[in-house]
Every structure is written in structure tokens, then in C-alpha cells.
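# Analysis of the macromolecular model
Chain residues, written in single-letter form:
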Amino acid sequence: MPAFLDGRIGGPRRAALAVAAGLATAAALAASPAAIAQQKSIEWRYGHMNPPNSAAGMQAQWLAEAIAKHTNGQIKVTVYPSSQLGKLQELAEAVSTGTIALSHNTAGGIGSLHEPFGALDTPYLYRDVDHLMKVVDVGSPVMKKLNDGLVKAAGVRVLYAYYFGTRQLTANKPVMQPSDLAGQKIRAIPFPIYMSTVQGLGAVPVPVDWSEVPTALATGQVAGQENPVNVVLSSKLYETQSHMMLTGHIMNAQLIVINEKAWQGLSADMKAALGKAAEEVRAKATAMVRAQEADETEKLRGLKMKVVGPAEGLKLDAFKASVNKVVQDKFGAKFGELYKEIAAVK
């Protein structure tokens, strides 16, 4: 029996995941309660790195509840937040091997399984949030192509993507331009596109798993980090960081992924039910994050965190030029065609 069905941890890690397209078609089907009831009940685990009170943590729980609702309780999803089941890379690999059925990660993290996904987290890539969400919709030409590659490479499917937030820089001093970060160690998500982004911001990138970030900040292992406003607030990073710079360097979508064998083990009606649950949560989570970003920034100000934007002297054009140069040098040739396809999405 596969590990994702009996709940046991085991099985060798695979280097890649495999993902098939077709979620949009499945979601369009009308699930039959009678047909769903005939399928044997299933228990899945959803492991992730975020605290349960964060936007990411909340949407994971919403998905568990929506799946139970739309499958009439035939699929039970138990959520394990706060890196209980592993670190970022381990969680991605665990979905691939079937140790867990579900998880979420940045596109850069999924890029560890199928490299082209890393292009989706390229800094200053999207015109706006609407453009980002059209690109990462599982029915878009870009995502269909990437998902096909992920299936063939490794055994994981992107179930849906929601707006995670726009990433900002935090530090213990005001940072107005890239030269202000010269020699400063800033935490980076341990994946190539993020390491390069932090380098482009002017700092020395230090790869630190999310589970270790609070300690790294408190001990001075790193002088700062970068994340969306919701993460800064929900993880109380304002307790160790005095300033937040509105660099807005990456518009982030969080990708929710499912083990391909788990997906293919479902009937057509169950797939349709899962598609409905996914669409419901994608819309709800995206709307919540978009509505709260400005309010959460104000909450950070109220907690005595100094917010630095162009009005306070932040040289945004300098950050863009510096980051774009580093990224173009490292990824331009590799992801150039994909960047054109992303730009063509209207």
C-alpha cells in the first residue's frame, strides 16, 4: 500500500516529481454524491512550514475542510503546520515520494523538482497581481506546460495557486539602496532564484530554512530577511527586525501540490470534487491576502516597525536595476523563452 494512503513515513526520495494537467477539466465536471460514496474512504496528510495563524496556514486548513465537504467526508485531510513533517526541501520531496499527499511551496521550491518552475518567482516579473494570478492559474498555457513537465519529471501535480503576497525586505536599520547592504548577511530561501534575488538587493545571501529563521535573526546569524507582510506579522518578525523596506521585489504565488499517484487513484467524480474545493480555497485565500496587505502594513507600523518606502527615500529604481542585472546574468538564457510566454499572458 502506498505511504500516502496508510500514513507511514518511508520510501526512497526521488529527485523529481511528476504532475499531470487536467484539473480545470475535472473541476468543470459535476460530482455525483452517489458515485463519491462508492469510493473507499481515504486519509491524506498535508504538511507545510507555516504557522497555522498565517494566511498559508489558514488556507491549508480551509482546503482540508473544503475537501471533506465536497467529498462528503470520503477524503479526510489532516494538516501538519510549522515544519512538523520536514523542512522546505523535505516537504517537496515527501509529496514526490508519496510520504505525504499534499503540501505547498513557493514556485522556487517546486523548481527543485522541475527547474523551470523557478522562473515564476523571478523578481519584478509581473505587471501586477492580476497578471501573476492569470499566469499561475492551472488552466493557463504557461502552467499547463510547466505542470506537464512536473508530471514527467517527478510525480507531483499543482492543484492550485493562490496569491501569497508581495515580498519586502526587513532589517535592523534603514536600507535605502543596494549599497546599504554591502557585506550584510540576509536570509534567503535556499533555492537559486531567491539566493540571486538577495544578492541583487545588495546583500550576502545566506540560505536558511524557514523553520530556523527566527533563531537566525535573534542570534545575529543573519541581519535581515525578505517575505510578504503577512509573514512578517504572523511570525512576529517585528520583534527582531526594526525596519521593513517596501522593495516589492517578488510577487509571490504559493503552489499547492498533490502526489500524482494519489490524484490518479481518484474517480472522475472525486477529482471533480477536489477541483471544486481547490477553486473555492484559491479564490478565498487570494481575496484575503489582497485585502489585508495594506492593513497589515499599518499594523506593523502600530507595532513600532519603521516602514520605509519611496516617500521615506527608498531608491526603488536602484533596487530594480541591481536585482534585474543579477537575475538576467544568471537566468536570462535559461528562462528567456518562458519569460516571453509569461509577458504574453493578458
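Residues numbered from 1 in each chain as written. Predicted model: local features only at pLDDT ≥ 70, side-chain atom pairs only at ≥ 80, totals over all residues. Heavy atoms only, no water.

Turning to the overall build of the protein, a few remarks are in order. Along the protein, the regular secondary structure elements total 14 helices and nine strands. In the protein, buried positions account for 56% of the 346 residues. Here the contacts in the protein between residues at least 6 apart in sequence split such that 80% fall between residues at least 24 apart. When the accessible area of the protein is evaluated, it comes to approximately 13,700 Å², of which 55% is carbon and sulfur surface. (Helix = DSSP H or I, 4+ residues; strand = E, 2+ residues; numbered from the N terminus. Buried < 20%, exposed > 50% of the residue type's maximum accessible area, 1.4 Å probe, protein only. Contact = heavy atoms within 4.5 Å. Areas by Shrake-Rupley, 256 points an atom, 1.4 Å probe, with all protein chains shown as cover.)

Turning our attention to the nonpolar core. Side chains that are nonpolar tend, in soluble globular proteins, to be buried together. Formed by 106 residues in total, the largest nonpolar core has its most connected members in W44, L63, I75, V77, F117, L120 and L159. Top contributing element to this core by residue count: strand β4 (residues 156–171), with ten residues. When sequence neighbours within four positions are dropped, the list of residues in contact with F117 reads A107, G108, I110, G111, M143, L146, N147, L150, V158 and L255. (Core = buried A, V, L, I, M, F, W, Y, C linked by side-chain atoms within 4.5 Å.)

Per the stated rule, a full pass over the model turns up one cavity of 30 Å³ or more. In terms of lining residues, the largest cavity is bounded by 13 residues, among which M49, N50, F164, I189 and N227 are the most central. Secondary structure elements with two or more residues in the lining of the largest cavity: β3 (102–106) and β4. Looking at the lining of the largest cavity, its residues break down into six nonpolar, five polar and two charged. (1 Å grid on protein atoms, 1.4 Å probe; cavity = no way out; pocket = protein on both sides within 12 Å on 5 of 7 lines; lining within 4 Å. Points joined across faces, edges and corners; volume = space filled by probe spheres on them. Nonpolar A, V, L, I, M, F, W, Y, C, P; charged D, E, K, R; others polar.)

On to the pattern of salt bridges. Applying the stated criterion across every chain, the model contains eleven salt bridges. In this structure, E226 and R167 form a salt bridge, with 2.7 Å as the shortest nitrogen-oxygen distance. On the criterion of sequence distance, the pair formed by E226 in strand β7 (residues 224–228) and R167 in strand β4 is long-range, its members being 59 residues apart. Grouping residues by exposure puts E226 and R167 together as buried. D329 serves as the salt-bridge partner of K325, at 3.1 Å between the closest nitrogen and oxygen. Here the residue K325 and the residue D329 both occupy positions in helix α14 (residues 316–344), the gap between them amounting to four residues, near one helical turn. Judged by its relative accessible area of 56%, D329 falls in the exposed class. (Salt bridge = Lys/Arg side-chain N within 4 Å of Asp/Glu carboxyl O.)

For the rest of this paragraph, the subject is the environment of A272. Within the secondary structure, A272 sits in helix α13 (residues 268–302). Judged by its relative accessible area of 0%, A272 is buried. Distance from A272 to H70, taken between C-alpha atoms, is 9.0 Å for residues 202 residues apart in sequence.

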